Amino acid sequence: MLGLKFIRTHSEAVKEALSRRNNSFNLDEVLAWDEAYRSRLGESEKLKNLRNSLSEEIGRMNARKQDAAAQMQEVRDASARIREIDQDVQDLEQKINQALLMIPNIPHASVPVGPDEDANVVVRVEGEPPGFDFQPRNHWEIGEDLDILDFARGVKIAGARFTVLKGKGAQLERAITNFMLDLHTREQGYTEIFPPFLVNRATMTGTGQLPKFEEDLFRCDREDLFLIPTAEVPVTNLYREEILPGEALPILHTAYTACFRAEAGAAGRDTRGLIRQHQFNKVELVEFTAPETSYTELERLTDDAEEVLRRLGLAYRVVALSTGDLGFSAAKTYDLEVWLPGAGAYREISSCSNFEDFQARRANIRYRPEAGARPRFVHTLNGSGLAVGRTLVAILENYQQEDGSVIVPEVLRPYCGFDRIE
RNA sequence: GGAGAGAUGGCUGAGUUGGUCGAAGGCGCUCGACUGGAAAUCGAGUAGGCGGGCCUAAAACUCGCCUCGAGGGUUCGAAUCCCUCUCUCUCCGCCA
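As the structure is a computational prediction, the values presented were derived from the model and not from experiment.

*Asks:* Please set out the protein's contact with RNA strand B residue by residue, giving values where relevant.
*Replies:* Residues in contact with RNA strand B amount to 21 residues; listed here are only the nearest, Arg38, Asn49, Val75, Arg76 and Arg366. At the protein interface, 79% of the atoms of RNA strand B within 4 Å belong to sugar or phosphate. Here a phosphate oxygen of RNA strand B sits 2.7 Å away from a polar atom, N or O, in the side chain of Arg38. Between Asn52 and RNA strand B, the recorded distance is 3.1 Å, taken from a side-chain N or O atom to a phosphate oxygen. Breaking the surface near RNA strand B down by element, the ones donating at least two residues are helix 1 (4-9), helix 3 (27-63), helix 4 (69-100) and strand 14 (365-368).

*Asks:* Describe the environment of Asp150, listing the residues and the values that go with them.
*Replies:* Of note, Asp150 is situated in strand 2 (residues 149-150). Residue classification places Asp150 among the buried positions, given a relative accessible area of 12%. Measuring from C-alpha to C-alpha, the distance between Asp150 and Asn52 comes to 71 Å, with 98 residues separating the pair along the chain. Excluding anything up to four places from it in sequence, Asp150 contacts Thr163 and Val164. In terms of polar contacts, Asp150 uses its side chain to reach the side chain of Arg153, at 2.7 Å.

*Asks:* How would you explain the domain arrangement of chain A if you had to name every residue and give the values?
*Replies:* You can read the domains of chain A as domain 1 (4-100) and domain 2 (117-421). The centre of domain 1, based on its C-alpha atoms, is set 44 Å off from the matching centre of domain 2. Contacts between the two partners involve 4 residues from domain 1 and, on the opposite side, 7 residues from domain 2. Both faces considered, domain 1 and domain 2 share a buried interface measuring about 430 Å² in area, 31% of it formed by carbon and sulfur atoms. Linking domain 1 to domain 2 there are 0 salt bridges. Here the residues of the side of domain 1 that touches domain 2 sort into no nonpolar, 2 polar and 2 charged.

*Asks:* Can you tell me about the side chain of Asn120, naming the residues and giving the values?
*Replies:* Here Asn120 is to be found in the loop between helix 4 and strand 1 (121-126). Side-chain polar atoms of Asn120 contact the backbone nitrogen of Ser322, separated by 2.7 Å. Filtering out sequence-adjacent residues up to four positions away, Asn120 remains in contact with Val319, Ala320, Leu321, Ser322 and Asp325.

*Asks:* Outline the packing of aromatic side chains, listing residues and values.
*Replies:* The full count for this structure, using the stated rule, is 9 aromatic pairs. Note on Phe132 and Phe134: the rings are 5.2 Å apart at their centroids and 75° apart in plane angle, and the pair reads as edge-to-face. With 5.7 Å between their ring centres and 80° between their planes, Phe328 and Phe358 make a pair best called edge-to-face. One end of the pair, Phe328, is in the loop between strand 11 (316-320) and strand 12 (332-340); the other, Phe358, is in helix 11 (residues 358-363), and 30 residues separate them in sequence. The same class applies to Phe328 as to Phe358, namely buried. Here the aromatic residues Phe194, Phe197 and Tyr256 are joined through ring pairs into a cluster of three or more. Its guanidinium or amino end placed over the ring of Phe418, Lys168 lies 4.9 Å from that ring's centre, counting from NZ or CZ.

*Asks:* Tell me about the sheet that holds strand 8 (residues 242-245), residues and numbers included.
*Replies:* The 3 strands are arranged 8-14-15 in an open sheet whose pairing can be described as mixed. Because the sheet does not close on itself, it has two edges, and the strands there are strand 8 and strand 15 (376-377). Examined bridge by bridge, strand 14 and strand 15 share 2 bridges and lie antiparallel to one another. If you follow Tyr367 over to strand 15, its bridge partner there is Arg376.

*Asks:* Break down the pattern of salt bridges for me, citing the residues and quoting the values.
*Replies:* Side-chain pairs of opposite charge can arise whenever the charged atoms involved come near each other. The full count for this structure, using the stated rule, is 39 salt bridges. A salt bridge links Asp150 to Arg153, with the nearest nitrogen and oxygen atoms 2.7 Å apart. By relative accessible area, Arg153 is classed as partly exposed at 49%. We note a salt bridge from Arg347 to Asp270, for which the minimum N-O separation is 3.1 Å. A residue pair is termed long-range when its members are at least 10 positions apart, and Arg347 in strand 13 (residues 345-354) and Asp270 in the loop between strand 9 (251-260) and strand 10 (279-289) qualify at 77 residues.

Definitions and cut-offs
- Residues numbered from 1 in each chain as written.
- Chains lettered and ligands numbered in written order.
- Predicted model: local features only at pLDDT ≥ 70, side-chain atom pairs only at ≥ 80, totals over all residues.
- Heavy atoms only, no water.
- Near = heavy atom within 4 Å.
- Polar contact = N/O pair within 3.5 Å; in protein donor to acceptor, adjacent residues only side chain to side chain.
- Helix = DSSP H or I, 4+ residues; strand = E, 2+ residues; numbered from the N terminus.
- Buried < 20%, exposed > 50% of the residue type's maximum accessible area, 1.4 Å probe, protein only.
- Contact = heavy atoms within 4.5 Å.
- Domains from an automatic or database assignment.
- Buried area = accessible area lost by both parts, 1.4 Å probe.
- Salt bridge = Lys/Arg side-chain N within 4 Å of Asp/Glu carboxyl O.
- Nonpolar A, V, L, I, M, F, W, Y, C, P; charged D, E, K, R; others polar.
- Phe/Tyr/Trp six-rings, centres within 6.5 Å; stacked < 30°, edge-to-face > 60°.
- Lys NZ or Arg CZ within 6 Å of the ring centre and 35° of its normal.
- Pairing = 2+ DSSP bridges.

Printed below as a string of structure tokens:
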């Protein structure tokens, strides 16, 4: 969410940012409401001031046994008018707040300008895609032949976009998860969190999933709880409505969670394989930092995610998303795309974003730079470190052998206890 | 699921016959004094939000309004009275 004061004083810049995002939000309407809101609020506050001073006077007169009937009548009249005006104030305030929740973040100046993903910019390419002297296969073929992925039974017990991992497939998934968590916690300084997978509406609103994107979420109707689409949601909201001491920053958290996405707008896309599932595992990195350092922290956090790919020996590239492809809450995003030989393409395996104070405003997460100073909004960042299912896909496709077996990357062997799946 | 208790500032804890209470006291924290330095001691300060003024702007300052879990009501006036909701704690039941 953008600050109302900011929108008020920088309306042209906000409009310009919205157009770079291909967003057709009507800002003038909000500005008009704001105008009316402040004028009505002023009227109301004047009358409340009158009411307060008269009430005090009445108290004093009563103590002296004087007759305050006239004053009481005056306050009664004022209160009636206040009630009317406050109704307007409340209506306007509500309209403004609802509108504010629908305005996306402003892209950072360094974000490439463009209408869609075709305008994304490849920032760097790392690692060599492996060469094969045979035709590399898709992960779903490899996985089914090895009897470690069972798509048919996933559909039977749950539905489309649900898959069963079996035997060494399940073990490898678990090994990948543990390898990532250990790297982040032991070497990169993140504190591990294991959060609830179901969260309430306020939490979903805090990170920007609600109110605009409810159709992308799974919801438990009975309790009005939502299955988290990413650990970003519960972990960022950990400090909702809090003022953190300045010396606590930066706060680095990593969390493994299952993630649940309705994939409402993705019908027909990636229908085969593990790439696009309703449920998948992910290890997430979440960071809270002071505004001054958030962009250097974005580079560091992205590098922490890249380290997973480097250690797994997977080729990848880093892509800066364009203004038209940027997520609703993000000011800047790098996607990490891993090379998939079976698909013959780079596919997204991580997304690292700086949200600046967009989420912090929604969730009211602040910090006090020093004792006695006014609280400021923190900046929040997060990135996948990494999507576990897609990492499994990348390993199957990149480490496949001509005989159909798959070599396990060195760093994972201590975690799974085998060096090959055949 | 049943019964009961409670929600006050960073923490603790008064305030519940409605009226200078945004709120005593203590702790913590900040600044200052004392000290070679520190501890102890003493003094001062220390909630958040919104709107206005000031200003190129922010901060600071200043005026006002709101907030004592959330929302609504009674009243000239509510932390204090009434209603609804949420959450926490204790006991019982159930359960991994």
